[in-house]
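Read off the chains here:
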Amino acid sequence: MSNIKNMDDTKEVKTSYTIPIGPIHPALKEPIRLDLSVDGEEIIDVDVVVGQVHRGMEWLGMNRNNPIQTIYLAERICGICSVSHPFALVMAVEQAAGIEVPPRAEYIRVIIAEMERIHSHLLWAGVAAHEIGFDSVFYLVWKVREEIMDAMEYLAGNRNSKAMFQFGGVRRDITEEQFPRVRKSLDYYLSIFDQLGNIFLKDKTINMRTRNVGILKKEDALRLTIVGPTARASGVSKDARQGHAYSAYADMDIKAITPDVITGKVVGDVYDRIVVRLLEIKQSIEIIDKCLKEMPSGAIISEPKVAKLLAVLKKAEGEGIGVHEAPRGECFHYVRMEAGMDPLACWKVRAPTYANLMAIPTMLKGEQIADVPIAFASIDPCMSCTNRAITVKQPRKGTECLLDLHELSLEKTRRLEAEFDR
Amino acid sequence: MIGSNFSLGITILLGIVILALGVFFGLLYLGIDRKLVARMQGRIGPPIRQPFRDVSKLLMKESIIPDDAISWLFKFAPVLCLMGAAVLLLYVPLFGQPALLEGSGDIIVVLYLLIIPALALVLAGFSSSSPFATVGAQREMVTLMSYEFPLVMSVVAIAWHTGHVTGASPFLFSTLAAFPIWGQVGPVGIIGAVLLLLVLLFIIPGELSKIPFDMAEAETELAGGVLVEYSGRNFALFYVANAVKAIALVAIVVGLFFPYNLSPVIGIGAAIPATIVDGIFFLVKVFLVMFVSVMVARAAMARFKIDQASKIYFISSTLVGLLGLILLWIDLVI
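Fair warning: this is a prediction, and the values are worked out from it, not measured in the lab.

Reading the values: the criteria
Residues numbered from 1 in each chain as written. Chains lettered and ligands numbered in written order. Predicted model: local features only at pLDDT ≥ 70, side-chain atom pairs only at ≥ 80, totals over all residues. Heavy atoms only, no water. Helix = DSSP H or I, 4+ residues; strand = E, 2+ residues; numbered from the N terminus. Rg over C-alpha atoms; globule rule 2.2 N^0.38 Å. Buried < 20%, exposed > 50% of the residue type's maximum accessible area, 1.4 Å probe, protein only. Contact = heavy atoms within 4.5 Å. Areas by Shrake-Rupley, 256 points an atom, 1.4 Å probe, with all protein chains shown as cover. Salt bridge = Lys/Arg side-chain N within 4 Å of Asp/Glu carboxyl O. Pairing = 2+ DSSP bridges. Axes fitted to C-alpha atoms, helices over the stretch in contact; angles between N-to-C directions. Buried area = accessible area lost by both parts, 1.4 Å probe. Polar contact = N/O pair within 3.5 Å; in protein donor to acceptor, adjacent residues only side chain to side chain. Patch = residues over 30% accessible without salt bridge, like charges linked within 9 Å, V, L, I, M, F, W, Y side chains within 5 Å. Core = buried A, V, L, I, M, F, W, Y, C linked by side-chain atoms within 4.5 Å. Domains from an automatic or database assignment. Nonpolar A, V, L, I, M, F, W, Y, C, P; charged D, E, K, R; others polar. Phe/Tyr/Trp six-rings, centres within 6.5 Å; stacked < 30°, edge-to-face > 60°. Lys NZ or Arg CZ within 6 Å of the ring centre and 35° of its normal.

## Brief notes about the overall build of chain A
So, step 1. When its secondary structure is counted, chain A shows 19 helices and eight strands.
So, step 2. Its C-alpha atoms give chain A a radius of gyration of 22 Å, near enough to 22 Å, the size a compact globule of 422 residues would have.
So, step 3. The C-alpha extent of chain A, read off along each of the three principal axes, is 65 × 55 × 35 Å.
So, step 4. For chain A, buried positions account for 57% of its 422 residues.
So, step 5. A separation threshold of at least 6 residues defines the contact pool for chain A, and within that pool the share at least 24 residues apart is 71%.
So, step 6. Summed over all atoms, the accessible surface of chain A reaches about 18100 Å², with 53% contributed by carbon and sulfur.

## With respect to the overall build of chain B
So, step 1. Along its length, chain B carries 13 helices and zero strands.
So, step 2. Taken from N to C terminus, the helices and strands of chain B fall in the order α-α-α-α-α-α-α-α-α-α-α-α-α.
So, step 3. The C-alpha radius of gyration of chain B comes to 20 Å, within 12% of the 20 Å expected for a compact globule of 334 residues.
So, step 4. Across its three principal directions, the C-alpha atoms of chain B cover 60 × 50 × 45 Å.
So, step 5. A total of 334 residues make up chain B; the buried ones form 53% of that total.
So, step 6. The contacts in chain B between residues at least 6 apart in sequence include a share of 78% that link residues at least 24 apart.

## Digging into the pattern of salt bridges
All names here are of chain A.
So, step 1. Taken as a whole and judged by the stated rule, the model has 27 salt bridges over all chains.
So, step 2. Salt-bridge contacts for Asp35 lead to Arg33; the nearest nitrogen and oxygen are separated by 3.1 Å.
So, step 3. Under the relative-accessibility criterion, Asp35 is labelled buried at 17%.
So, step 4. Residue classification places Arg33 among the partly exposed residues on the basis of a relative accessible area of 26%.
So, step 5. Of the charged contacts in the structure, one is a salt bridge between Asp289 and Lys293, with a shortest N-O distance of 2.9 Å. One end of the pair is Asp289 and the other is Lys293, both in helix H13 (residues 270-294) and four residues apart, which spans about a single turn.
So, step 6. For Asp289, a relative accessible area of 24% gives the class partly exposed.
So, step 7. Lys293 gets classed as exposed once you look at its relative accessible area, which sits at 61%.
So, step 8. What emerges from the salt-bridge pattern is a single network uniting Glu114, Arg117, Arg232, Asp239, Arg241, Glu280 and Glu325.

## Details of the sheet that holds strand S3 (residues 42-49) of chain A
Residues and elements named next belong to chain A.
So, step 1. Sheet architecture is open: three strands sit in the order S1-S2-S3, paired in antiparallel fashion. Only two strands of the sheet have a single partner each, and these edge strands are strand S1 (17-21) and S3. Neighbour-to-neighbour, the strand axes of the sheet open up by a mean angle of 25°, direction not taken into account.
So, step 2. Pairing of strand S2 (residues 33-39) with S3, which is carried by seven bridges, proceeds in the antiparallel orientation. Across the sheet, the residue bridging to Leu34 is Val48, located in S3.

## As for the sheet that holds strand S8 (residues 346-350) of chain A
Residue and element names in this part refer to chain A.
So, step 1. Here we have three strands laid out as an open sheet, ordered S6-S7-S8, and antiparallel in their pairing. Each end of this open sheet is capped by a strand with a single partner; those strands are strand S6 (318-326) and S8. Recorded for the sheet is a direction-independent mean angle of 10° between the axes of neighbouring strands.
So, step 2. Strand direction decides the pairing type here: strand S7 (residues 329-337) and S8, joined by five bridges, are antiparallel. When the bridges of S8 are listed, Arg336 appears paired with Cys346.

## Details of the interface of chain A and chain B
So, step 1. Each partner contributes to the interface: chain A provides 27 residues, whereas chain B provides 25 residues.
So, step 2. Roughly 2300 Å² is buried in total at the junction of chain A and chain B, and carbon and sulfur atoms are behind 58% of that figure.
So, step 3. Our count for the chain A to chain B interface comes out at one salt bridge.
So, step 4. Here B:Lys305 makes a salt bridge to A:Asp371, at a shortest N to O gap of 3.1 Å.
So, step 5. Counting across the chain A and chain B interface gives nine residue pairs in polar contact (both at pLDDT 80 or more).
So, step 6. Put simply, the parts of the chain that give the side of chain A that touches chain B at least two residues each are S1, helix H5 (103-131), helix H6 (135-156) and helix H8 (204-210) of chain A.
So, step 7. A total of five residues in the side of chain A that touches chain B trace back to one element, the largest contributor, which is S1(A).

## Quick look at a nonpolar patch on the surface
Residues and elements named next belong to chain B.
So, step 1. Among the surface-exposed residues, Trp160, Phe314, Ile315, Leu319, Leu322, Ile326, Trp329, Ile330, Val333 and Ile334 lie close enough to one another that they form a single nonpolar patch of about 990 Å² accessible area.
So, step 2. Sorting elements by how many residues they give to the nonpolar patch places helix H13 (residues 306-333) first, with eight residues.
So, step 3. Position of Trp329 relative to the elements: it lies in helix H13.
So, step 4. Given a relative accessible area of 49%, Trp329 falls into the partly exposed group.

## What to know about the nonpolar core
So, step 1. A:Leu34, A:Leu36, A:Phe167, A:Phe200, A:Leu313, A:Trp347 and A:Ile360 are the most contacted members of the largest nonpolar core, which totals 133 residues.
So, step 2. Considering each element in turn, this core owes the most residues, 15 residues, to H5(A).
So, step 3. Formed by 75 residues, the second largest nonpolar core is a distinct cluster that contains B:Val37, B:Met290, B:Met301 and B:Leu328.

## As for unusual backbone geometry
So, step 1. Across the junction of B:Ile211 and B:Pro212, the peptide omega takes the value 10°, indicating a cis bond.
So, step 2. The residue B:Pro212 is located in the loop between helix H8 (187-207) and helix H9 (219-222) in this model.
So, step 3. Positive phi, close to 60°, is recorded for A:Asn212, a residue that is not glycine.
So, step 4. Along the chain, A:Asn212 turns up in the loop between H8 and helix H9 (218-223).
So, step 5. Residues other than glycine seldom take positive phi values, yet A:Asp380 does so here, at roughly 55°.
So, step 6. Inspection of the secondary structure puts A:Asp380 in the loop between helix H17 (372-377) and helix H18 (383-386).

## Quick look at the domain arrangement of chain A
Residues and elements named next belong to chain A.
So, step 1. Along its sequence, chain A is carved into domain 1 (2-53 + 368-421) and domain 2 (57-355).
So, step 2. The gap between the C-alpha centroids of domain 1 and domain 2 is 26 Å.
So, step 3. Contacts between domain 1 and domain 2 engage 19 residues on the former and 26 residues on the latter.
So, step 4. For the pair domain 1 and domain 2, the two sides together bury roughly 1900 Å², of which 58% comes from carbon and sulfur.
So, step 5. Broken down residue by residue, the surface that domain 1 buries against domain 2 is led by Ile374, Asp380 and Arg388, which jointly contribute 36%.
So, step 6. Applying the counting criterion to the domain 1 and domain 2 interface returns two salt bridges.
So, step 7. Of the charged contacts in the structure, one is a salt bridge between Glu131 and Lys29, with a shortest N-O distance of 3.6 Å.
So, step 8. At the boundary of domain 1 and domain 2, one finds six residue pairs in polar contact (both at pLDDT 80 or more).
So, step 9. Breaking the side of domain 1 that touches domain 2 down by element, the ones donating at least two residues are H17 and H18.
So, step 10. Considering only residue class, the side of domain 1 that touches domain 2 consists of 12 nonpolar, three polar and four charged.

## Quick notes on the packing of aromatic side chains
So, step 1. In the structure shown here, the tally under the stated rule is 17 aromatic pairs over all chains.
So, step 2. Here the aromatic rings of A:Tyr246 and A:Tyr249 are separated by 5.0 Å at their centres, their planes lie at 70°, and the arrangement is edge-to-face.
So, step 3. Every member of this aromatic cluster is reached through a ring pair, and the members are B:Tyr147, B:Phe202, B:Phe213, B:Phe304 and B:Tyr313.
So, step 4. The ring centre of A:Tyr271 lies 3.9 Å from the NZ or CZ of A:Arg211, which sits over that ring.
So, step 5. Here the guanidinium or amino end of A:Arg277 rests over the ring plane of A:Trp124, the centre of that ring lying 4.3 Å away.

As structure tokens, then:
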């Protein structure tokens, strides 16, 4: 990324010194490096250096015994989006193999995915409060988050890594007897929603630290192809649940939330991102509520016998994509399956942070050092999901290794374009 | 000659006792602070003796000095910080007794001494060669310069008013103890004095680098700021110095605004019980001031940015302080 950034920013900048934020730093929850060139407190330039937590997940996923084992792996791409990645993966494989999903399973998938959104947004709110030194709010929000964790444990048997997904449906049913427990959680969040809003939107010191900080304008958000709440906070009305309307979301009539609903105008600062995430918590509650009300009866999986499912998957030939609106933005999975081949022939994962990291230099330039933790946290970054490559051997001085890779990928795109044209 | 030597010996002995008590109660109050803030935040928190454990463990640990640091300055800064805080203790009235060095220095000296620990932190930051520490040191300096004016203004306003009304030498804690401010002013003056007290309460977290004014250390931004490179014994010295400074600083506020003693009120005449009662009463007063200005503020606010903090001190606090000063003056005129 560093070289790509340098290409469009060639002018020399005068700096007094460089501050490295990361790879290990209290402001970061996962390893990444931000090289800040600062003049006093003001940030002149930012260089984002990724590649500290590459785990080779895609390669591992293509080398399992069969695609079902890849679901478990996908669930472990991210500790927080442990629904989003399997969701996108199963949709991609179902498309490639032509597997139908029963309607009840679609609803259960959506309920679990929305519960994950509530927990992820609350987790983010706590982290954001910690970044600006407001630890009381951090502890308060994480305490509140326990309720949804308990509900998820009740439904899936686990607070995280819920293992609900299977090709062609879900592994566990949500029965009528379980509804009251879920409703209790939803009611709890509705009852404290105004209090949360009061803390995050009206508190004086939070306002001082988040208003007009880390601004990302709508043009920039579109130019840099930002996704998820970060894009919506900049006024880009983009939501995979609305734009793609996959799974049971098609029944839900989802509208992308932009901050002007509450504030009246879009600024694109950290405050707006708080507004969007808060409103999305409420939106998720409504979606789950609607799902519980309208859940159709029937099977939860189209092929309960694993051996038979594996046979279908082995015969499958083709490509598929799965797009899911993860709490952080659009999560994209691509798979290719070849007949007679047990594992996936190809698996590509693009986590939302991969797109959102591009916004960091734009957000941070001209801000103060004090704004870095909260502005960086405002995209809700997830590093281990993002890392796609690692420099194992440092290039010799003078060789531009990353630039070569960039050239190579451009070359490949052109070759593929030519193939398609033929 | 023998007598003066004897009294000098007594003074030195008392000084050592005061320092020991200062360190003990400084760490104890730090423990109480951590526990209470934890409870306010819905945590269990560390046991109250945790700061003592911290210090004893730090003293056993290796002190690492960065290669690029200015070694002698890096090692000297914590000593200077602790010395500044310790000398401060000798000039402020503690435990309901007059200050040990009462008469040989006045409130103005105390105000100067207050700068030394902060300057030591700045030296520490600049000498440790880390960019985080450098930024932290810059912030510490900006904070120091910002709160200095309202601090001096409120202290001088109180002393000036007392001196003007009573005719006694104004810049002595003994004068303030003999004529507490609240007894000298009318209703307008009370409002003025309350405003000045508020300014001082707001300056305490800034002096002690506590949230919302902990920009110089700012864990999530600068990973510890000025103290990022410190470890082992050197860090323990800073740790103790900060605890001692907290006691001294709060004692100044108590000496300025609440110099009352409990023993005359409940009619204990004998010297030793009176000393004990007054000592405990002093600890209670210190706790109350700390509770309001350090603990509650820390639990209820986010960290300010350095420019915001600077504005709050330089403009808002100064204006409030000025208003208090004017009200005190009006009180004198009418």
